[in-house]
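Geometric and topological summary
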Amino acid sequence: MLRYKKLEKIGHGAYGDVYKSLDNQTNTIVALKKMKLEVENEGVPSTVIRETSLLRELNHPNVISLNDIVVDNKKLFLVFESSFSFLSNHLNFPFLGKS
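As a starting point, this report considers the structure included with it. Here the residue numbers are simple positions, counted from 1 along each chain's written sequence. In keeping with the model being predicted, local features are shown solely for residues with a pLDDT of at least 70 and side-chain atom pairs are shown and tallied solely at 80 or more, while totals for entire chains, interfaces and linings include all residues. Excluded from the side-chain calculations are hydrogens and water; all other atoms, namely the structure's heavy atoms, are used.

Some thoughts on the pairing of strand β4 (residues 66-72)
As a reminder of what qualifies: Being paired, for any two strands, means DSSP has found at least two bridges between them. Elements are defined by DSSP. Helices are runs of H or I of four residues or more, strands are runs of E of two residues or more, and each kind is numbered from the N terminus.
Pairing analysis gives 6 bridges linking β4 to strand β5 (residues 75-81), with the strands arranged antiparallel. For L66, the partnering residue across the bridge sits in β5 and is F80. Linking β4 back to β5 in an antiparallel pair, the connection comprises 2 residues, with N73 at a positive phi of about 55 degrees.

Right, dumping it as structure tokens:
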């Protein structure tokens, strides 16, 4: 993982933690998602395989692009282009009392 330097944790979800990171090779900011691997002995979970295969095929200006997949010390990282905006900040949730 010498190529990427974690700068700060920017998110946490069901499938892993997301870090604002520096790509030392291109000197750009990226989002580094450290995937949770529940049971290491059984390989990569199907949810991770499904997510990565879909993201590799998608090419749309409104979808964050998957730049790289890194395996380091039995840990899996997905490297995305950076975005400083979150979809949830732009959505209305009337059933939660948010608008």
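Moving on, there is more to tell.
Digging into the sheet that holds β5
Test applied: The axes are straight lines fitted to the C-alpha atoms, using for helices just the contacting stretch, and the angles between their N-to-C directions are given from 0 to 180°.
Across the sheet, which stays open at both edges, the 5 strands sit in the order β1-β2-β3-β5-β4 with antiparallel pairing between neighbours. At either margin of the open sheet sits one strand with a lone partner, and together these are β1 (4-13) and β4. Strand-to-strand twist across the sheet, computed as the mean angle between neighbouring axes with direction ignored, equals 25 degrees.

Some thoughts on the environment of N67
Filter applied, for reference: Only protein chains enter the accessibility calculation, which uses a 1.4 Å probe; a residue whose area is less than 20% of its type maximum is buried, one above 50% is exposed, and one in between is partly exposed. In what follows, a contact means two residues having at least one pair of non-hydrogen atoms within 4.5 Å. Think of a polar contact as two N or O atoms within 3.5 Å of one another; within protein, one of them needs to be a possible hydrogen donor and the other a possible acceptor, and neighboring residues in sequence only count if both atoms come from side chains.
Tracing the backbone through its elements, the reader meets N67 in strand β4. Overall, N67 belongs to the partly exposed group, its relative accessible area being 45%. Other than its neighbours up to four places away in sequence, N67 contacts V30, V79, F80 and E81. Within the structure, N67 has its side chain in polar contact with the side chain of S65 (distance 3.4 Å).

What to know about the environment of K33
Relative to the elements of secondary structure, K33 occurs in strand β3 (residues 28-35). Residues K33 and F80, spaced 47 residues apart in sequence, show a C-alpha to C-alpha distance of 7.8 Å. Excluding residues within four positions of it along the chain, K33 makes contact with Y15, D17, V18, E51, L76, F77, L78 and F80. Of note is the side chain of K33, whose polar atom sits 3.1 Å from the side chain of E51.

Quick notes on the pattern of salt bridges
Opposite charge on two side chains permits pairing when their charged atoms draw close. Selection criterion: Here a salt bridge means any side-chain nitrogen of Lys or Arg lying within 4 Å of a carboxyl oxygen belonging to Asp or Glu.
A full pass over the atoms with the stated rule returns 3 salt bridges. For D23, the salt bridge identified is with R3, shortest N-O distance 2.9 Å. Of the two residues, D23 sits in strand β2 (residues 16-23) while R3 sits in the segment before β1, which places them 20 residues apart along the sequence. Judged by relative accessible area, which is 4%, D23 ranks as buried. The class for R3 is partly exposed, based on a relative accessible area of 30%. Across the pair D17 and K9 runs a salt bridge whose closest N-O atoms are separated by 3.6 Å. Since its relative accessible area comes to 16%, D17 is described here as buried.

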